[in-house]
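Next come the chains, spelled out residue by residue.
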Amino acid sequence: MRLLDAPDPGFTSGCVLVPTMGALHAGHAALIARARSIADQRRARVVATVFVNPTQFNESTDFERYPRTLREDLALCERAGADAVFAPASHVVYPPDTTIPTPLLPKVATLPGLEDAHRPGHFAGVCQVVSRLFDLTSPGVGVFGEKDWQQLQVIRAMTIAQFRPIDIVPAETVREPDGLAMSSRNRLLDPESRERAAGIHRALARAAAQRSGPAEAERVLAESLADAGILPEYAVVRDARTLLPPKAAHDGPCRALVAARVGGVRLIDNVPWQPT
């Protein structure tokens, strides 16, 4: 496996790209394995990126304490089937003598009142860095996890708006045995908070089983979170594509989504929701 610290278009062009910020875990390994299966069909390479992007953090302390574990990340990427890891320094992604534009944000990044409302500037940073990584690697496919559901829809919409010939492929959320969605942030939870955090997925599962309507599913979601001692930033059922509230007669796919701080650590999760 190659370690790249500078762009190598001859090697990465047409690759299956897995953008990450490092501190990798089994969830990332599943993304790389998904990429490997696609790459084998296309006779392409799998390239994972490791870059902690400063422009998508709206809290400087969050950026500073984000885990940096490159040596372990490289070992995981190799085991999972990556052909290369692109781990650029900040000046490679954001050259000091060059203005890197922020793409025009799609509506799903500004209207839902979810991550866009609770993390101002976050999606501007996400779109800026993902667009930049696409420029530097020229992939044919990008693989992104479903845990960051709004981010997935934002990147998909941005890619279409930019007329990029890149297929955005989702990968299912990987979970701990108790249902907690795997996240690099989980390692920041103390034992009591870690146990309580599992209540997020239990609440989502109960909401998913409530099929009488989105309002009733949201009520069950809120009650279940309260029972677990979790006060959410949001706990909603939304249209899966636009992330706007579903219309009264809506019968298309939806997602139940939660964001909450547990023990000072911000966690997000979601599951599919479908009316009867």
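The coordinates are above.
Residues numbered from 1 in each chain as written. Predicted model: local features only at pLDDT ≥ 70, side-chain atom pairs only at ≥ 80, totals over all residues. Heavy atoms only, no water.

**Looking at the sheet that holds strand S9 (residues 265-273)**
The strands making up a sheet are joined through hydrogen bonds of the backbone, oriented either antiparallel or parallel.
Item 1. The strand order across the open sheet formed by three strands is S7-S8-S9, and the pairing between neighbours is antiparallel. Looking along the sheet, the strands with just one partner apiece sit at the ends: strand S7 (232-239) and S9. In this sheet, neighbouring strand axes are inclined to one another by 10° on average, regardless of whether the strands run parallel or antiparallel.
Item 2. Here helix H11 (residues 214-227) sits on the sheet and contacts S7, strand S8 (254-262) and S9; the angle it forms with S7, its principal contact strand, is near 155°. (Pairing = 2+ DSSP bridges. Helix = DSSP H or I, 4+ residues; strand = E, 2+ residues; numbered from the N terminus. Axes fitted to C-alpha atoms, helices over the stretch in contact; angles between N-to-C directions. Contact = heavy atoms within 4.5 Å.)

**Topic: the environment of Leu4**
Item 1. Structurally, Leu4 is set in strand S1 (residues 2-4).
Item 2. Sequence separation between Leu4 and Ala87 is 83 residues; the distance between their C-alpha atoms is 6.1 Å.
Item 3. When sequence neighbours within four positions are dropped, the list of residues in contact with Leu4 reads Phe11, Thr12, Ala84, Val85, Phe86, Ala87 and Pro88.

**What to know about the nonpolar core**
Item 1. With 38 residues, the main nonpolar core has Phe86, Val129, Val130, Phe134, Phe144, Ile168 and Tyr234 as its most contacted residues.
Item 2. Breaking this core down by element, the ones donating at least two residues are strand S4 (84-86), helix H5 (90-93), helix H7 (122-137), helix H8 (149-161), S7 and S8.
Item 3. Looking at this core element by element, the count peaks at eight residues for H7.
Item 4. The contacts of Phe86, once residues within four sequence positions are left out, are Leu4, Asp5, Ala6, Pro7, Val47, Ala48, Thr49, Val50, Val92, Leu133, Leu136 and Thr137.
Item 5. With 24 residues, the next largest nonpolar core counts Leu204, Ala208, Val262 and Val271 among its residues. (Core = buried A, V, L, I, M, F, W, Y, C linked by side-chain atoms within 4.5 Å. Buried < 20%, exposed > 50% of the residue type's maximum accessible area, 1.4 Å probe, protein only.)

**Brief notes about the pattern of salt bridges**
Item 1. Taken as a whole and assessed by the stated rule, the structure comprises 16 salt bridges.
Item 2. Linking Arg219 and Glu216 is a salt bridge whose minimum nitrogen-to-oxygen distance equals 2.4 Å. Placement of both Arg219 and Glu216 in helix H11 is noted, with a separation of three residues, approximately one turn of the helix.
Item 3. Take Glu216: its relative accessible area is 26%, and that puts it in the partly exposed class. (Salt bridge = Lys/Arg side-chain N within 4 Å of Asp/Glu carboxyl O.)

**Comments concerning the packing of aromatic side chains**
Item 1. Across all of its chains, the model carries three aromatic pairs by this definition.
Item 2. Each ring, one from Phe57 and one from Phe63, has its centre 5.4 Å from the other, and the planes form 65°; the classification is edge-to-face.
Item 3. On the accessibility criterion, Phe63 (24% relative accessible area) is partly exposed.
Item 4. Their ring planes at 75° and their centres at 6.0 Å tell us that Phe57 and Tyr66 sit as a pair that is edge-to-face. Like Tyr66, Phe57 is buried.
Item 5. Taken together, the ring pairs connect Phe57, Phe63 and Tyr66 into an aromatic cluster.
Item 6. Taking the ring centre of Trp149 as reference, the NZ or CZ of Arg255 above it sits at 3.8 Å. (Phe/Tyr/Trp six-rings, centres within 6.5 Å; stacked < 30°, edge-to-face > 60°. Lys NZ or Arg CZ within 6 Å of the ring centre and 35° of its normal.)

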